[in-house]
Amino acid sequence: MGDFHADWLRLRAPADIRARAADLPLLLCPYLPKGQMLRVLDLGCGTGSNLRALAPVLGGEQAWLCLDADVELLDRLADETQAWAQESGFDWDASDQRVTGAQPHPTCRPHLTCTLAPRRFDLACDLAELPIEGIGLVTASALLDLVSETWLAGLVSQCAKVRVPILIALTYDGRVAFEPASSLDREVIDAVNRHQGRDKGFGPALGPGANGRLAILAAAQGYWVEVRMSDWRIRRSERELQAALIRGWSRAACEEASASDQAGIAHWEAVRLAAVERGCSRIIVGHRDLLAIPRRA
Ligand SMILES: C[S@@+](CC[C@H](N)C(=O)[O-])C[C@H]1O[C@@H](n2cnc3c(N)ncnc32)[C@H](O)[C@@H]1O
């Protein structure tokens, strides 16, 4: 098992769905192949939440190649997509791993037929082998802050060579706001953001700077780039998600802090968890979505 447990991906999914910039997939639609199969490459797909968010908006015929290094997450992709398809009124064909149904967004391509193919693939080690030929969209969600500058430059350069659009959702951007606020919030989140720069398998991670670097690298390769805020707005009632975040941030901040500061962080955690328990805590976590379209030659 990797660092991302399926329970965590399921816990964050409602906040992800609410946060996504709704207009970026629609801006992409005119650049998708008309009346042809759209081949999509989903990087770090986890259990498939990016597919479930995007496929119904893009509509038409789609074939998703879903890449992840974690086999346990890949093993859940079909079941979670089946459950979602059934809840959302789509049909699910288990033999072809295919979702079909009427497309709810009339602005994009009509009727949805979407197959999915999970594949174990280590993006950190095998970027040069990325199966990008014939792909009509490269996408990812909640992945980019893990990667390094070198890795990201390599990805953008591969995408630019085949002139493929890029849609990257939900990249953490370093902003966190708590309600009620406390005097230690800034210090803890600064420590968390330093921790974000640690190597997550791709070399020194870009962390909160990743989306900005992608915008610059893509523009330099001749892409037209659109960026939107896609902040998590976590509700008072989402206690489990808030508690998981607070515990994770406390752990990360302690790893960055001196022993004397760790007691303060532990106190911050206890006060924050108590506010969550009382149902009076809200948290905003800054994220960005980015769409990059290759300019016409
Ligand atoms: C935060 S999760 C996001 C998953 C999914 N995209 C979502 O939005 O729910 C990050 C994902 O990146 C995957 N990942 C991390 N390092 C990877 C690597 N070197 N190669 C492939 N996948 C990787 C993890 O296994 C995990 O599924």
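Remember, predicted model here, so these are calculated numbers, not experimental data.

A. Structural detail: the overall build of the protein. Counting secondary structure elements, the protein contains 10 helices and 10 strands. Here the C-alpha radius of gyration of the protein, 20 Å, is about what a compact globule of 297 residues would show, namely 19 Å. Taking the principal axes of its C-alpha atoms as reference, the protein extends roughly 60 × 40 × 35 Å. Taking all 297 residues of the protein together, 52% fall into the buried category. Taking as baseline every contact in the protein between residues at least 6 positions apart, the subset at least 24 positions apart corresponds to 80%. In the form shown here, the protein has an accessible surface area of approximately 13400 Å², with 52% of it arising from carbon and sulfur atoms. Placing the 33 positive and 38 negative side-chain charges of the protein at their respective mean positions leaves the two points 6 Å apart.

B. Up close: the nonpolar core. If you look at the biggest cluster of nonpolar residues, it comprises 35 residues, and the most contacted ones within it are L41, L43, L123 and L130. Looking at this core, the elements that each hand over two or more residues are β1 (38–43), β2 (60–68), β6 (137–141), α6 (149–161), β7 (166–179), α8 (210–220) and β10 (282–294). No other element matches the six residues that α6 contributes to this core. When sequence neighbours within four positions are dropped, the list of residues in contact with L41 reads L65, L67, L130, P131, I132, I135, L137, V138 and T139. The next biggest cluster of nonpolar side chains, apart from the first, holds 30 residues, and it includes C29, L32, L112 and I293.

C. Quick look at the site of the ligand. Within the structure, the ligand sits among 20 residues, and G44, D68, D122, L123 and S141 are positioned closest to it. G46 is positioned with one of its backbone polar atoms (N or O) 3.5 Å from an oxygen atom of the ligand. Burial of the ligand by the protein amounts to 94% of the accessible area it has alone, namely 590 Å². Sorting the residues of the shell around the ligand by element identifies α1 (6–19) and α5 (123–126) as the ones contributing at least two each.

Definitions and limits used
Residues numbered from 1 in each chain as written. Predicted model: local features only at pLDDT ≥ 70, side-chain atom pairs only at ≥ 80, totals over all residues. Heavy atoms only, no water. Helix = DSSP H or I, 4+ residues; strand = E, 2+ residues; numbered from the N terminus. Rg over C-alpha atoms; globule rule 2.2 N^0.38 Å. Buried < 20%, exposed > 50% of the residue type's maximum accessible area, 1.4 Å probe, protein only. Contact = heavy atoms within 4.5 Å. Areas by Shrake-Rupley, 256 points an atom, 1.4 Å probe, with all protein chains shown as cover. Lys, Arg positive; Asp, Glu negative; His and termini not counted. Charge placed at Lys NZ, Arg CZ, Asp CG, Glu CD. Core = buried A, V, L, I, M, F, W, Y, C linked by side-chain atoms within 4.5 Å. Near = heavy atom within 4 Å. Polar contact = N/O pair within 3.5 Å; in protein donor to acceptor, adjacent residues only side chain to side chain.

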